[in-house]
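Okay, here's what each chain looks like letter by letter:
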Amino acid sequence: MVEITLLGFLKDSIPAQNRDALIGLLHEYEKETNVYTIERAFVGNTFKATIPSEFKEYWVLVFHNTEMIGFGYCYWQIKFENLDKGSIRIFVKKQFRRKKIGSKVLNFLLKEIDAQVTIQTIMAFEGTDGEKFLKQLDGNLVFTELTIASKLSDFTDEEVKQKVRKSAEEAHKKGFSTKFVDTRELLALSTNPDFVKMIERNWNATPVEDQSSEGITMTSERLMESFSYRINRGDQFFTVLAIHIESAKFAGYTMTRVNEYQPNVGFQHDTGVLEEYRGNNLGLTMKYKLLQHLKNNTKVEFWETGSAASNVFMQRINAVLKHKPLKTKLIYEFNKSNLLDKIENH
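Quantities reported herein were computed from a predicted structural model and do not represent experimental measurements.

Trainee: Any chance you could explain the nonpolar core here in plain terms?
Mentor: As a rule of thumb, soluble globular proteins bury nonpolar side chains together. Within the largest apolar cluster, 42 residues are counted, with the highest numbers of intra-cluster contacts made by F195, L241, M255, L282, L291 and L294. Ranked by the residues each element gives to this core, the list is headed by helix α9 (residues 282-297), at seven residues. Ignoring any residue separated from it by four or fewer positions in sequence, one finds M255 in contact with L186, F195, I199, F227, F237, F238, T239, F267, Q268, H269, D270 and L290. If you look at the next biggest cluster of nonpolar residues, it comprises 29 residues, including I4, I101, L134 and L137.

Here it is, written out as structure tokens:
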């Protein structure tokens, strides 16, 4: 039995003397779950950024003697929808696994988070110790996300140029144009009611598989805070819009984030085409234009994205864009009281 000490804090209250070791563990977690190099500065700056005010985040730090050997955290909504749902992440150093430390961290978290949170989701990657742990707790697998990436070096400049030209011509014949938008313009669009409504509609149309989830209500202030949080982490947004020419209405969008501390990776943030404009190949048209911009104007080498395993339409687009499998995220859902009973008897 390994003797451990657990200390719990709201995120902003984590003592300064513990932050460097915690960032080190977060970096270790990222290195273990990614195929390309993740920079410590990227992890550190992400952790230090103040989370949006709609969330509350509680952390537990795990110590063996004076060494921090693990962490867990839970975040949940306190302003808008899904107020009864929290999401948990747990990490323990390899040499300390299978010693019931994860169960103790989970038990600690469940007893400290707000009483309003009665449903917990916990994520693990397929084929890891985390998946084995969640299976032992009889979790209900409610969502599978396929994480994939393409290498920009797999595309020649001429190939991309031809794809962009051809897809743009086809889109124009169908009555659509595309427009590139930088971070500054994206923030300005956050005050546009039509743009905000498009984001809301897309998020509510995104497959959630078997998750317990309410639809979201988007406001300009909420969207702006979400973008600002990412920008404060060091992210720059690269966005392409699809526009219905005759009505001048937004038809769809695609966004990728590139972080100043991880410039070789473009993380796909979001993609969507409004229902009334689907069937016009706009998703691929926008992504080709975005690919061209990333290839010509950034240091991005890997373009990473993820989609629900059930989202066959997006998988077809990603296959055309030469994305290859990286890892599979598994999200398990638990009733909090049942989970507490399970781990106390585990």
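That shown, we press on.
Trainee: What should I look at first to understand the pattern of salt bridges in this one?
Mentor: Between side chains of opposite charge, a pair can form when the charged atoms approach closely. Tallying each qualifying case throughout the model produces 19 salt bridges. Notably, a salt bridge pairs K56 with D114, separated by 3.1 Å at the nearest N-O pair. Residue K56 is found in strand β2 (residues 55-64), and its partner D114 is found in the loop between α3 (101-112) and β5 (119-125); the two are separated by 58 residues along the sequence. Take K56: its relative accessible area is 26%, and that puts it in the partly exposed class. One network of salt bridges, in which partners are shared, links E32, R97, R98 and D129.

Trainee: Got a minute to help me understand the sheet that holds strand β8 (residues 235-244) in this structure?
Mentor: Backbone hydrogen bonds are what pair the strands of a sheet, in a parallel or an antiparallel way. With respect to topology, 12 strands assemble into an open sheet ordered β1-β2-β3-β4-β5-β12-β6-β11-β10-β9-β8-β7, the strand pairing being mixed. Across the chains shown, the open sheet's two edge strands, defined by having one partner strand only, are β1 (5-10) and β7 (176-181). If you compare each strand with its neighbour and ignore which way they point, the axes differ by 20° on average. When β7 meets β8, the two strands line up antiparallel, connected through six bridges. Counterpart to F176 in the pairing with β8 is H244.

Trainee: Sorry, what's going on with the side chain of R222 here?
Mentor: Along the chain, R222 turns up in helix α8 (residues 220-232). Within the structure, R222 has its side chain in polar contact with the side chain of E54 (distance 3.0 Å). Apart from residues lying up to four places away in sequence, R222 is in contact with E54, Q77, F80, E81, I216 and T217.

About the cut-offs
- Residues numbered from 1 in each chain as written.
- Predicted model: local features only at pLDDT ≥ 70, side-chain atom pairs only at ≥ 80, totals over all residues.
- Heavy atoms only, no water.
- Core = buried A, V, L, I, M, F, W, Y, C linked by side-chain atoms within 4.5 Å.
- Buried < 20%, exposed > 50% of the residue type's maximum accessible area, 1.4 Å probe, protein only.
- Helix = DSSP H or I, 4+ residues; strand = E, 2+ residues; numbered from the N terminus.
- Contact = heavy atoms within 4.5 Å.
- Salt bridge = Lys/Arg side-chain N within 4 Å of Asp/Glu carboxyl O.
- Pairing = 2+ DSSP bridges.
- Axes fitted to C-alpha atoms, helices over the stretch in contact; angles between N-to-C directions.
- Polar contact = N/O pair within 3.5 Å; in protein donor to acceptor, adjacent residues only side chain to side chain.

Read these as geometric descriptors, not functional statements.
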